[in-house]
Number of protein chains: 2
Amino acid sequence: MRFINEQAIQDIATGASLLGAGGGGDPYIGKLMALSAVEKYGPVQLLDVTEVPDDALTIASSMMGAPSVFVEKFPRGDEYEQLFAKLRCFLGQDIFATYPIEAGGINSMIPIAVAARLGLPMVDCDSMGRAFPELQMSTFSIYGIEATPLAITDEKGNVGILDTISNSWTEKIARAMTVQMGATSSMCIFPIKGRDLKKTCVKKIVTYSENIGKTIRELSKKKGVTIQTLLDVTGGHHILSGKVTDVSRITKGGFNYGKTIIEGIDDDKNKQAEILFQNENIALKRNGEVVATAPDLICLVDFETLTPMTNEGLKYGKRVHIIGLPCDPQWRTQKGIELVGPRYFGYDLDYVPIEKLCKKGAHE
Amino acid sequence: MRFINEQAIQDIATGASLLGAGGGGDPYIGKLMALSAVEKYGPVQLLDVTEVPDDALTIASSMMGAPSVFVEKFPRGDEYEQLFAKLRCFLGQDIFATYPIEAGGINSMIPIAVAARLGLPMVDCDSMGRAFPELQMSTFSIYGIEATPLAITDEKGNVGILDTISNSWTEKIARAMTVQMGATSSMCIFPIKGRDLKKTCVKKIVTYSENIGKTIRELSKKKGVTIQTLLDVTGGHHILSGKVTDVSRITKGGFNYGKTIIEGIDDDKNKQAEILFQNENIALKRNGEVVATAPDLICLVDFETLTPMTNEGLKYGKRVHIIGLPCDPQWRTQKGIELVGPRYFGYDLDYVPIEKLCKKGAHE
């Protein structure tokens, strides 16, 4: 157990934003929510998953929806108090702790704000090891753990409780509600006992995010930054360095869909990368050849400062490094690939781990 | 208090189907559901609203969605047991009785089936005095009574609870859920205390439906049926007798939208009627002139048997009488007309009561 201080929150936000793989929402907004909650209600206890009693109930606190909308539509503040209160009689048990559903600029920060406000500890784990666009895309789904009962609300005060027959149905119904609620919603989801959490989560993701954030913070202070240290910390692969020449986006059904084109510069001159995203970056072609797909992480960082870039912040002319990170090993199982592999997202491709794809093209 | 027997159920289904004003769903399916529940679980008590204790809690049992889909997609049977069970901790009080939300082929029968199965009485009232397409279109909304907490489910077993900030928000969110659930859903909605029910409901609608049904049953046995007796019982106006020459329908957003064209026969030769519907018939033009709009009822009955016709059953060549019935007086208030008048449905028309519109054209 340790307490998370202000510096830690800053670093977690930065690191989680990298793991957001282009999605996960703006870390600046997430950070403000967490920092102001901690300032008002006091620091948050971070528990290792091994410290959660087997019978204790934990639940994720998260936002659902289109990241581009988070930037303009904030939560009211007391949403999660309402959700915890409304869920209580459904769960029939007190909630011991909260945890992040995914690593990302918003959803890594929400549980910190919720934990501070409600005086609960937060668990150092998530259910993706990155961000994914749909809610059934959770390591818990691999093991048949249900997302419901969940509670969902908007900033206007509409509240819903769902109890569904599968996590795919939860996604369909909660997504439709989120669209009506204005393309974003707040939710408490995946109530899970400590016993099951230990077996099925992605462990120590908060600490990992913090280490990534700290590395980026320290590197950004140095002159002539190279990304090698960041690649060392994350086990990542350099894919291309270049300049954004086009970003097309549409917001549809509560998602941001789009494509980013990046033209290589310096050593990568005459190379081009095309990234397809659904909130998160899903597939990347370099010079027409696929070199990374989900569930591996396709991440963009600022060329100078290594600050992670989310898709809603990308603009023409922005200079970036593209790096690819290997996903959590649970995603590389058959069930994992069914849930979040390239075919699920509509690409007629077998999943090949990024380290193999990048090795193939290593001479470039 | 009285018990509803099999004959009563048959008559209520017929009469309510007339009050369904083209919508409300197929009374044959509704009737089968009610009859089989009563056969299995025993007869249902019908209470006058004055017999409901002031502090007793009542709730409507209903289906939401596109009537054309009800014909193919049946409830599983135990939906309302689930809904009552899930709602209990939200309501914090036992449910004393159920009642129909509207008069219509399906929603007049569901509460009978629910009352039989759960051993509850049913109250002789509804909240429309007819059928309407959207759930905020309830006399309760005129008095600011909330539709939530409500519980919603589908035949697959997905369950939701909603607690919203307004009945319009309830409609938006519940409709989106219904669309995901396959265009129909089952719900328990508008929990209301006896005290408020007495002040805001449409009274004795079940008995009224039964009287209409009985009248139609008796008339249909006679040779050379005229509709005058039906007009006398309902205070209705004859608008046109004719033959259906066109019905266009689309199912969109969980509603059936469409237009029916009827060419006059016999005394009405050379006249034509055009009816616009959204589940229910909303506006009628005769020879290009508006002669009836919501909230008044535009109803079609079979030319020979006077059996009420719902829009999903209309076919080319069908011979019908069109009759117009005055709505419950609560709908003719300013708030009532805002909720269900022609402008709400997108027609640039002031509401004029049917008796005035029909008087104007009485010489025809």
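Residues numbered from 1 in each chain as written. Chains lettered and ligands numbered in written order. Predicted model: local features only at pLDDT ≥ 70, side-chain atom pairs only at ≥ 80, totals over all residues.

**Thoughts on the overall build of chain A**
Step number 1: Helix and strand counts for chain A stand at twelve helices and 18 strands.
Step number 2: The C-alpha atoms of chain A give a radius of gyration of 19 Å, which matches the 21 Å a tight globule of 364 residues would have.
Step number 3: Counting only C-alpha atoms and orienting by the principal axes, one finds that chain A spans roughly 60 × 40 × 35 Å.
Step number 4: Relative to its 364 residues, chain A shows a buried fraction of 56%.
Step number 5: Within chain A, counting contacts between residues at least 6 apart in sequence, those at least 24 apart form 76% of the total. (Helix = DSSP H or I, 4+ residues; strand = E, 2+ residues; numbered from the N terminus. Rg over C-alpha atoms; globule rule 2.2 N^0.38 Å. Buried ≥ 20, exposed ≤ 12 C-beta atoms within 10 Å, placed from the backbone. Contact = placed C-beta atoms within 7 Å.)

**Examining the relation of the copies chain B and chain A**
Step number 1: Mapping chain B onto chain A calls for a rotation angle of 180 degrees and an axial translation of 0.0 Å; the resulting RMSD is 0.0 Å. The relationship between the two copies is best expressed as a two-fold rotation axis. Considering only C-alpha atoms, the residue of chain B closest to the rotation axis is Ile161 of chain B, which sits at 2.4 Å. (Least-squares fit on C-alpha atoms with pLDDT ≥ 70 in both.)

**Things to note about the environment of Asn281 of chain A**
Residues and elements named next belong to chain A.
Step number 1: As for its placement among the helices and strands, Asn281 is situated in strand E14 (residues 280-286).
Step number 2: Placed 34 residues apart in sequence, Asn281 and Lys315 show a C-alpha to C-alpha distance of 16 Å.
Step number 3: Once residues within four sequence positions are removed from consideration, Asn281 is found in contact with Ala21, Gly22, Ile275 and Ile298.

**Observations concerning the domain arrangement of chain A**
Residues and elements named next belong to chain A.
Step number 1: Domains assigned within chain A are domain 1 (2-203) and domain 2 (223-360).
Step number 2: Computed over C-alpha atoms, the centres of domain 1 and domain 2 are 25 Å apart.
Step number 3: Sort the elements by how many residues they give to the side of domain 1 that touches domain 2 and helix H1 (residues 6-19) lands first, with four residues.
Step number 4: A class-by-class count of the residues in the side of domain 1 that touches domain 2 yields 14 nonpolar, 15 polar and three charged. (Domains from an automatic or database assignment. Nonpolar A, V, L, I, M, F, W, Y, C, P; charged D, E, K, R; others polar.)

**Structural notes on the sheet that holds strand E16 (residues 297-302) of chain B**
Strand-to-strand pairing in sheets goes through backbone hydrogen bonds, with the strands running parallel or antiparallel.
Residue and element names in this part refer to chain B.
Step number 1: As summarised here, the arrangement of the eight strands in space is E15-E14-E13-E12-E11-E18-E16-E17, forming an open sheet in which the pairing is antiparallel. Edge positions in the open sheet fall to strand E15 (289-293) and strand E17 (308-309), since each of these has one partner strand only.
Step number 2: By the bridge criterion, seven bridges tie strand E12 (residues 255-264) to strand E13 (residues 272-278) in an arrangement that is antiparallel. Within E13, the residue paired with Thr260 across the bridge is Ile275. (Pairing = 2+ DSSP bridges.)

**Looking at the sheet that holds strand E15 (residues 289-293) of chain A**
Step number 1: Strands sit in the order E15-E14-E13-E12-E11-E18-E16-E17 (chain A) across an open sheet of eight strands; the sheet is antiparallel. Each edge of the open sheet is held by one strand with a lone partner, namely E15 and strand E17 (308-309) of chain A.

**Some words on the interface of chain B and chain A**
Step number 1: Taken together, the 18 residues of chain B in the interface contact 19 residues of chain A.
Step number 2: Elements supplying a minimum of two residues to the side of chain B that touches chain A: strand E8 (159-163) and helix H7 (167-180) of chain B.
Step number 3: Sort the elements by how many residues they give to the side of chain B that touches chain A and H7 of chain B lands first, with seven residues.
Step number 4: Its residues assigned to classes, the side of chain B that touches chain A shows ten nonpolar, five polar and three charged.
Step number 5: Sheet topology places strand E8 (residues 159-163) of chain A next to E8 of chain B; five bridges connect them, and they run antiparallel. From the neighbouring strand, Ile161 of chain A faces E8 of chain B, where its bridge partner is Ile161 of chain B.

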